[in-house]
Amino acid sequence: MSLNTALDALLKASTEKGGVPGVVATVADRNGVIYEGAAGLRATGGSTPMSMDTFFWFASLTKGVTAMAAMQLVEQGKLDLDAPAGKVLPELGKVQVRTGWNADGTPILRAPKSPVTLRNLLTHTSGFAYEIFNKDTVRELESRGVGNVISGTKATLDRALVRDPDTAWEYSVSIDWVGRMVEAASGLRLRDYMARNIFAPLGMSDVSFQANEEQLSRAAAMHARLPDGNLVTIPFGIPPDVELDMGGHALSGRVPHYLRFCQALLNGGTLDGNRVLSPTTVELMGRNHIGDIKIGEIFTAMPQLSNDCHLHPGIDLKWGLSFILNVQATPEGRAPGTMAWAGLPNAYYWIDRKTGVTVVIATQIMPFWDAPVRKMCDEFERQVYKHVG
């Protein structure tokens, strides 16, 4: 059975009887795209089929693109991985660590033991946290009447650290701050910087911070998995005219266009003759930058948005410059050191530079780490490596 036949059959089975309403998946090696597939419907109960031009909210798939932007500026000497980030954004020089709460409900704050750096932000060792995974951060935002990160406001980023920088890994709003550093160092709004320096050279014209009417006409519906396992469509969208382009989660687009970002990293920073990063920088991004710090199971504080998730049980996990890295090979086949991450509506990618393959597979289902989607993704990975590994 060929790769295309095996993957087509898997996606078809997953959408017809596997609990997934619709999915788009792509695979490339160093020579180009070797698989594109779409199955199911854009909305459960609807009639419009998924297709390769379906528009998805990428959520945290945005993070890698923002990291690429930041590393371009590091190459140019406009940003420094280890200088205090407050030199670029004064707000980051003023952040404090919250150590508890006073009797009146106000936070107990102190200065951090070391300044936040760009490297801290790119590796989620800054001390910031996400409200999705940290109950005290939920409490802080609620006490101030501030919206969550989807609101796209400066106020939502004005939050305390939950620990000192460089002491632990905690998934966070750090990459939203990286986006603001890109803006400060480049003099451009993040959407404009990416359009000029990443989307144009890589041919990613159908990726955007603000979807237009034509793109919205191709959008897959967002779904919620109910406790009984059934799916319902829910209203969802990045607010129009947001105050900030949130570099951590706000991109939407077509899956094959996101694959082009992954292909560029797979190929050492170049795609179709257009270079966006040097091979040395790509190598740097794929190294462990958190030392002995461990990444364990991630527990949810907002179960409507994410389940608890243990990303690779039994495998040591490290963090590069905006990518998770598996120290050992996964049981499904990806090689040690593969660069990967995921987005809240169960969208996933990995870039296996050792084997020479990259994959993007996307649905629009919340909460994150959905069991039927994970079953499909694990089998997808096994089939990819059965044919190309």
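What you see is a predicted model; the values in this text were computed from it and never measured.

The next subject is the side chain of S172. Relative to the helices and strands, S172 is located in the loop between α5 (154-157) and α6 (174-186). Here H124 takes part through its side chain, which lies 3.2 Å from a polar atom of the side chain of S172. At 2.6 Å, the side chain of S172 forms a polar contact with the side chain of S174. Excluding anything up to four places from it in sequence, S172 contacts K63, H124, S126, F128, A129 and Y130.

So, on to the packing of aromatic side chains. Here the structure, examined in full by the defined rule, presents 17 aromatic pairs. Between the aromatic rings of F133 and Y171, the centroid separation amounts to 6.0 Å while the plane-to-plane angle is 50°, which identifies the pairing as tilted. Note that F133 is positioned in the loop between α3 (118-123) and α4 (135-144) and Y171 in the loop between α5 and α6, a separation of 38 residues in sequence. Ring centres of W350 and Y385 lie 6.3 Å apart, and the angle between their planes is 20°; this geometry places the pair in the stacked category. Residue W350 is found in strand β15 (residues 347-352), and its partner Y385 is found in helix α11 (residues 371-388); the two are separated by 35 residues along the sequence. W350 sits in the buried class, given a relative accessible area of 3%. What links up through ring pairs into an aromatic cluster is the set Y130, F133, W169, Y171, W319 and W341. In this structure, R139 is placed above the aromatic ring of W101, and the distance from its NZ or CZ to the ring centre is 4.1 Å. Geometry around Y348 places R374 over its ring, the cationic atom sitting 4.7 Å from the centre.

On the basis of which strands lie adjacent, the open sheet formed by seven strands has the order β2-β1-β16-β15-β14-β13-β12 and antiparallel pairing. One side of each edge strand has no neighbouring strand; the edge strands of this open sheet are β2 (32-40) and β12 (317-319). Averaged over neighbouring strand pairs, the angle between their axes works out to 20° when direction is ignored. Pairing of strand β14 (residues 339-343) with β15 involves five bridges; the strand directions are antiparallel. Across the sheet, A340 pairs through a bridge with W350, a residue of β15. Of the strands in this sheet, β1 (22-29), β2 and β16 (357-362) touch helix α1 (residues 3-17), which is tilted by about 25° from β2.

Strand pairing in a sheet relies on backbone hydrogen bonds. The paired strands run either parallel or antiparallel. With mixed pairing, the three strands of this open sheet are ordered in space as β8-β7-β17. Only two strands of the sheet have a single neighbouring strand rather than two, namely β8 (231-234) and β17 (365-366). Sheet topology places strand β7 (residues 222-225) next to β8; four bridges connect them, and they run antiparallel. Its bridge partner lying in β8, H223 is registered against T233.

Taken as a whole and assessed by the stated rule, the structure comprises 22 salt bridges. Among the ionic pairs, D53 bridges to R42, the shortest N-O distance being 3.2 Å. Of this pair, D53 sits in the loop between β2 and β3 (55-57) while R42 sits in the loop between β2 and β3, placing them eleven residues apart in sequence. A relative accessible area of 30% means that D53 is categorised as partly exposed. Two residues, R260 and D272, come together in a salt bridge whose shortest N-O distance is 2.6 Å. Of this pair, R260 sits in helix α9 (residues 255-266) while D272 sits in the loop between β10 (270-271) and β11 (274-275), placing them twelve residues apart in sequence. Because the salt bridges share partners, they merge into one network encompassing R98, E140, R144 and D158.

Parameters and conventions
- Residues numbered from 1 in each chain as written.
- Predicted model: local features only at pLDDT ≥ 70, side-chain atom pairs only at ≥ 80, totals over all residues.
- Heavy atoms only, no water.
- Helix = DSSP H or I, 4+ residues; strand = E, 2+ residues; numbered from the N terminus.
- Polar contact = N/O pair within 3.5 Å; in protein donor to acceptor, adjacent residues only side chain to side chain.
- Contact = heavy atoms within 4.5 Å.
- Phe/Tyr/Trp six-rings, centres within 6.5 Å; stacked < 30°, edge-to-face > 60°.
- Buried < 20%, exposed > 50% of the residue type's maximum accessible area, 1.4 Å probe, protein only.
- Lys NZ or Arg CZ within 6 Å of the ring centre and 35° of its normal.
- Pairing = 2+ DSSP bridges.
- Axes fitted to C-alpha atoms, helices over the stretch in contact; angles between N-to-C directions.
- Salt bridge = Lys/Arg side-chain N within 4 Å of Asp/Glu carboxyl O.

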